[in-house]
Amino acid sequence: MSKMTFIQKDGSPANVEAPDGLTVLEVARKNNIDLEGACEGSLACSTCHVVVDPQYYDMLPEATEDEEDMLDLAFGLTKTSRLGCQICMVPELDGLKVTIPSSTRNAQS
């Protein structure tokens, strides 16, 4: 089983187990990490926006056009921003580190 670290909104790290096959959003929910995911992972919002540690960013598959469109709506967008619902844990991502931005922008509300 892989492990990953969430840097939470207050700056504190949360080291958790991240079963392969789950998305970062699912891992967050399983571990009571405050990552919103208003659309339940259906790629219809940007509230599960995370900033991926640069060490891991290039290991991820490229973002789809749909994900890029949703990321355009994200608060605090960076060059290593991704949606947590689109990052699926695999053994190669063991040790993944993501930062949860201090705010989200929910266009669904």
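Heads up: the structure comes first, above all this text.
Criteria and cut-off values
Residues numbered from 1 in each chain as written. Predicted model: local features only at pLDDT ≥ 70, side-chain atom pairs only at ≥ 80, totals over all residues. Heavy atoms only, no water. Helix = DSSP H or I, 4+ residues; strand = E, 2+ residues; numbered from the N terminus. Contact = heavy atoms within 4.5 Å. Buried < 20%, exposed > 50% of the residue type's maximum accessible area, 1.4 Å probe, protein only. Salt bridge = Lys/Arg side-chain N within 4 Å of Asp/Glu carboxyl O. Patch = residues over 30% accessible without salt bridge, like charges linked within 9 Å, V, L, I, M, F, W, Y side chains within 5 Å. Areas by Shrake-Rupley, 256 points an atom, 1.4 Å probe, with all protein chains shown as cover. Lys, Arg positive; Asp, Glu negative; His and termini not counted. Charge placed at Lys NZ, Arg CZ, Asp CG, Glu CD. Pairing = 2+ DSSP bridges.

A. Structural detail: the environment of Gln-86. Secondary-structure assignment places Gln-86 in the loop between strand 4 (81-83) and strand 5 (96-99). When the C-alpha atoms of Gln-86 and Glu-68 are compared, they prove to be 11 Å apart, with 18 residues separating the residues in sequence. What Gln-86 contacts, discounting residues up to four positions off in sequence, is Leu-43 and Glu-67.

B. Summary view of unusual backbone geometry. A positive phi angle, close to 65°, is found at Glu-40, a residue other than glycine. According to the relative accessible area criterion, Glu-40 is exposed, its value standing at 58%. For Leu-43, which is not a glycine, the phi torsion comes out positive at approximately 60°.

C. Structural context of the pattern of salt bridges. For the structure on display, the rule yields four salt bridges. Taking the shortest distance from any N to any O, the salt bridge between Arg-29 and Glu-40 comes out at 2.9 Å. Here Arg-29 is found in helix 1 (residues 24-30), whereas its partner Glu-40 is found in the loop between helix 1 and strand 3 (49-52), with eleven residues between them in sequence. Given the relative accessible area of 34%, Arg-29 is considered partly exposed. Between Arg-82 and Glu-67 there is a salt bridge; the shortest N-O distance is 2.8 Å. With Arg-82 in strand 4 and Glu-67 in helix 3 (residues 65-71), the pair connects residues that are 15 residues apart, well separated along the chain. For the pair Arg-82 and Glu-67, one class covers both residues: buried.

D. Region of the structure containing a negative patch on the surface. Taken together, the side chains of Glu-62, Glu-65, Asp-66, Glu-68, Asp-69 and Asp-72 present a region of like negative charge at the surface. Topologically, Asp-66 is positioned in helix 3. A residue is classified by how much of its surface remains accessible, and Asp-66, at 51% relative accessible area, is exposed.

E. Quick look at the pairing of strand 3. Here strand 3 shows two buried faces, one formed by His-49 and Val-51 and the other by Val-50 and Val-52. For strand 3 and strand 4, the ladder comprises three bridges, and the chain directions are antiparallel. When the bridges of strand 4 are listed, Val-50 appears paired with Arg-82. Sheet topology note: the strand 3/strand 5 ladder contains two bridges and is antiparallel. Across the sheet, residue Val-51 finds its bridge partner in strand 5, namely Thr-99.

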